[in-house]
Amino acid sequence: MKKLLSIYIDSFRGLSQSAWLLAIVMLINRMGSMVIPFLGIYMTKALGFDIKQVGIVLMCFGGGSVCGSYIGGWLTDKFGSFKVQLTSLVLAAPLFLITPYFKTVTSLGIMIFILSTVFDAFRPANSVSVASYAKPENITRAFSLNRLAVNLGFSIGPAVGGFLAGISFNWIFYGNAMAATAAAVVFFLFFYKKEKNNLKALKNSAIAITTHDKKERNPYKDGPFIIFNILCCIFSLCFFQLISTLPIFYREVHHLNEHQIGFLMGWSGFIIVLLEMFIVHIAENRLSLTKTLVLGTIFCSISYAMFNIHAGLFMLYVTFFIFGIGEMLTLPFMATASINRSTPKTQGAYMGFNSLAFSAANIFSPLLGTNIVGTYGFTTLWWCTSALLALTAVGFYFVLKRL
């Protein structure tokens, strides 16, 4: 037990002050994660949309996410990560505030598209910032620390969102707006002066050290990286059922209320906060990148199959625990594989392309998931998702050897 505690403590050592500050900003921002987890329920319960209309609006969210990832990567290489992150946070707040006033499928779809474009431009810029301030030996743990902040915020946000949704669904939009505003203020105060020294930080960063001898590549012409991103996209098609069809599954099949759904989704974030740095630290030292991604994808596959085991609320918590283990072994290392493939001049483009792979899944994942549910039911959806993840694990095994 003492040895495990020592390893756990070691997993946090060596991370730069800037990495911790970025994590704080991300924590504040994600504590406002109230809209997306409840968007499907909001549309069905408050607006009276049917399941296919929900899929259309969520598809618009995915389309905006794709545009935001591409634009964010391009803008980061052109103007720097600081300006892109700050602008994204500042513009997101008023967009959240006005979204409840759009109540038709068409108007809400357009609004969600604009909102997700602005909000997701933040992602590639933030990934570049994380890598810019990371030491070579700590780059995966720096990404993990950032994800730890995301998941800690996500464990709080849905729980608070469930409480606010019980009062009025409008309050989840107001809460998200307040969190984005607070994150923008804190980010500006922490990083305004650091931005002046950003070039110096980049020269000493993990990217500069590990990629200075690499040939400049265009990520959109990099064959192995394209295949890798296709697999990331397929993984995300399955992963994003977490925020599209899964909350509806909890409400319609298990008859959970908004409070129970919020706490259940928050449980996944809590597990990741508690264990991710520890698990990533062990995986970095004992497993190859290929083995880690394959194992994590298999864990996710198993968890989706377990959703077809109807054994009460306790089993749902167990399933989410297994899903969390899989998530910890996949997402941080996907980011590491992408950043290691880039060069100092293409880091924004590479991280933008990788973010785009996840965002593209947001277009098809809700539409595909809701249509399968509407036609064949949740049981078929979970079996198909599990099988697709198993095939993705096989794909990762082969492509990562080339990457």
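Rules used throughout
Residues numbered from 1 in each chain as written. Predicted model: local features only at pLDDT ≥ 70, side-chain atom pairs only at ≥ 80, totals over all residues. Heavy atoms only, no water. Helix = DSSP H or I, 4+ residues; strand = E, 2+ residues; numbered from the N terminus. Expected span 1.5 Å × (residues − 1). Buried < 20%, exposed > 50% of the residue type's maximum accessible area, 1.4 Å probe, protein only. Contact = heavy atoms within 4.5 Å. Axes fitted to C-alpha atoms, helices over the stretch in contact; angles between N-to-C directions. Parallel < 35°, antiparallel > 145°, perpendicular 65-115°, else oblique. Left-handed = near helix turned anticlockwise from the far one by under 90°. Nonpolar A, V, L, I, M, F, W, Y, C, P; charged D, E, K, R; others polar. Patch = residues over 30% accessible without salt bridge, like charges linked within 9 Å, V, L, I, M, F, W, Y side chains within 5 Å. Areas by Shrake-Rupley, 256 points an atom, 1.4 Å probe, with all protein chains shown as cover. Salt bridge = Lys/Arg side-chain N within 4 Å of Asp/Glu carboxyl O. Phe/Tyr/Trp six-rings, centres within 6.5 Å; stacked < 30°, edge-to-face > 60°. Core = buried A, V, L, I, M, F, W, Y, C linked by side-chain atoms within 4.5 Å. pLDDT = per-residue confidence, 0-100.

### Focus: helix α12 (residues 223–239)
Three or four residues apart is the spacing at which side chains of an α-helix point the same way, because the helix has 3.6 residues per turn.
Move 1: A rise of 1.5 Å per residue sets the reference length of α12, with its 17 residues, at 24 Å; its end C-alpha atoms lie 24 Å apart and thus fit the reference within 8%.
Move 2: In terms of burial, α12 is largely enclosed, as 12 of its 17 residues are buried.
Move 3: Restricting attention to buried positions, one finds in α12 the residues Pro224, Phe225, Phe228, Asn229, Leu231, Cys232, Cys233, Phe235, Ser236, Leu237, Cys238 and Phe239.
Move 4: Looking at the buried side of α12, the elements it contacts are α15 (289–306), α16 (313–328), α17 (331–341), α18 (347–376) and α19 (378–402).

### Describing the side chain of Gln85
Move 1: Considering the arrangement of structural elements, one finds Gln85 in helix α5 (residues 81–98).
Move 2: With sequence-adjacent residues up to four places away left out, Gln85 is seen in contact with Leu22, Phe122, Ala125, Asn126, Ser129 and Phe187.

### Here we look at the packing of α5 against helix α7 (residues 122–132)
Move 1: α7 packs onto α5 with a crossing angle of 140 degrees between their chain directions and a minimal axis gap of 9 Å. Compared by their axis directions, α5 and α7 come out oblique. The handedness of the crossing between α5 and α7 is left-handed. Each of Ser81, Val84, Gln85, Ser88 and Leu89 in α5 lies in contact with α7, whose residues at this interface are Phe122, Ala125, Asn126, Val128 and Ser129.
Move 2: Across the contact of α5 with α7, the residue classes tally to 5 nonpolar, 5 polar and no charged.

### A look at helix α6 (residues 105–120)
Move 1: When the terminal C-alpha atoms of α6 are compared, their 22 Å separation across 16 residues agrees well with the 22 Å that a helix rising 1.5 Å per residue should span.
Move 2: Taken together, the buried positions of α6 are occupied by Leu108, Gly109, Met111, Ile112, Leu115, Ser116, Thr117, Val118, Phe119 and Asp120.

### With respect to a nonpolar patch on the surface
Move 1: Where nonpolar side chains cluster on the molecular surface, the patch consists of Tyr70, Ile71, Trp74, Phe79 and Tyr220 and spans about 520 Å² of accessible area.
Move 2: Along the chain, Tyr70 falls in helix α4 (residues 51–79).
Move 3: On the basis of relative accessibility, which here comes to 45%, the residue Tyr70 falls in the partly exposed class.

### Focus: the packing of aromatic side chains
Aromatic ring pairs: the centre-centre distance and the angle between the two ring planes describe each pair.
Move 1: In the structure shown here, the tally under the stated rule is 28 aromatic pairs.
Move 2: Ring centres 6.4 Å apart and planes at 45 degrees place the aromatic pair Tyr250 and Phe320 in the tilted group. Highlighted residues: Tyr250 in helix α13 (residues 246–252) and Phe320 in helix α16, separated in sequence by 70 residues.
Move 3: A centroid spacing of 5.5 Å and a plane angle of 90 degrees characterise the contact between Tyr304 and Phe323, whose relative ring orientation is edge-to-face.

### With respect to the nonpolar core
Move 1: In this structure, Met43, Ile172, Phe228, Tyr250, Met334 and Phe396 are the most contacted members of the largest nonpolar core, which totals 91 residues.
Move 2: Per-element accounting of this core gives the leading share, 10 residues, to α18.
Move 3: In contact with Ile172, not counting residues within four places along its chain, are Met34, Val35, Phe38, Gly161, Leu164 and Ala165.

### A short note on the pattern of salt bridges
Move 1: Scanning all chains against the criterion turns up 3 salt bridges.
Move 2: Among the salt bridges present, the one from Asp120 reaches Arg123, with a minimum N-O distance of 3.4 Å.
Move 3: A residue is classified by how much of its surface remains accessible, and Asp120, at 7% relative accessible area, is buried.

### Observations regarding the confidence of the model for the protein chain
Move 1: Of all residues in the protein chain, 90% have pLDDT values of 70 or greater, and the mean over the chain is 84.
Move 2: Across residues 205–213, where pLDDT falls below 50, the model places 28 contacts with residues more than four positions away in sequence or in other chains.

### Looking at the environment of Ile230
Move 1: Along the polypeptide, Ile230 turns up in helix α12.
Move 2: Remark: the alpha-carbon pair of Ile230 and Pro94, spanning 136 residues in sequence, is separated by 34 Å.

### Some details on the environment of Ser33
Move 1: Looking at where Ser33 falls in the secondary structure, it is placed in the loop between α2 (17–30) and α3 (35–46).
Move 2: With 146 residues separating them in the primary sequence, Ser33 and Ala179 have C-alpha atoms 8.4 Å apart.
Move 3: Residues contacting Ser33, with those up to four places away along its chain left out, are Phe154, Gly157, Pro158 and Asn176.

### Thoughts on the side chain of Thr330
Move 1: With respect to the helices and strands, Thr330 occurs in the loop between α16 and α17.
Move 2: What Thr330 contacts, discounting residues up to four positions off in sequence, is Phe235, Leu293, Gly296 and Thr297.

### Describing unusual backbone geometry
Move 1: Phi angles above zero are rare outside glycine, and His255 is one such case at about 55 degrees.
Move 2: Relative to the helices and strands, His255 resides in the loop between α13 and α14 (258–286).

### A word on the packing of α4 against α5
Move 1: Put simply, α4 and α5 touch, their axes get as near as 7 Å, and they point 135 degrees apart. Our classification of the angle between α4 and α5 gives oblique. The residues of α5 that touch α4, namely those facing Gly72, Leu75, Thr76 and Phe79, are Ser81, Lys83 and Val84.
Move 2: Tallied by class, residues from the contact of α4 with α5 come to 3 nonpolar, 3 polar and 1 charged.

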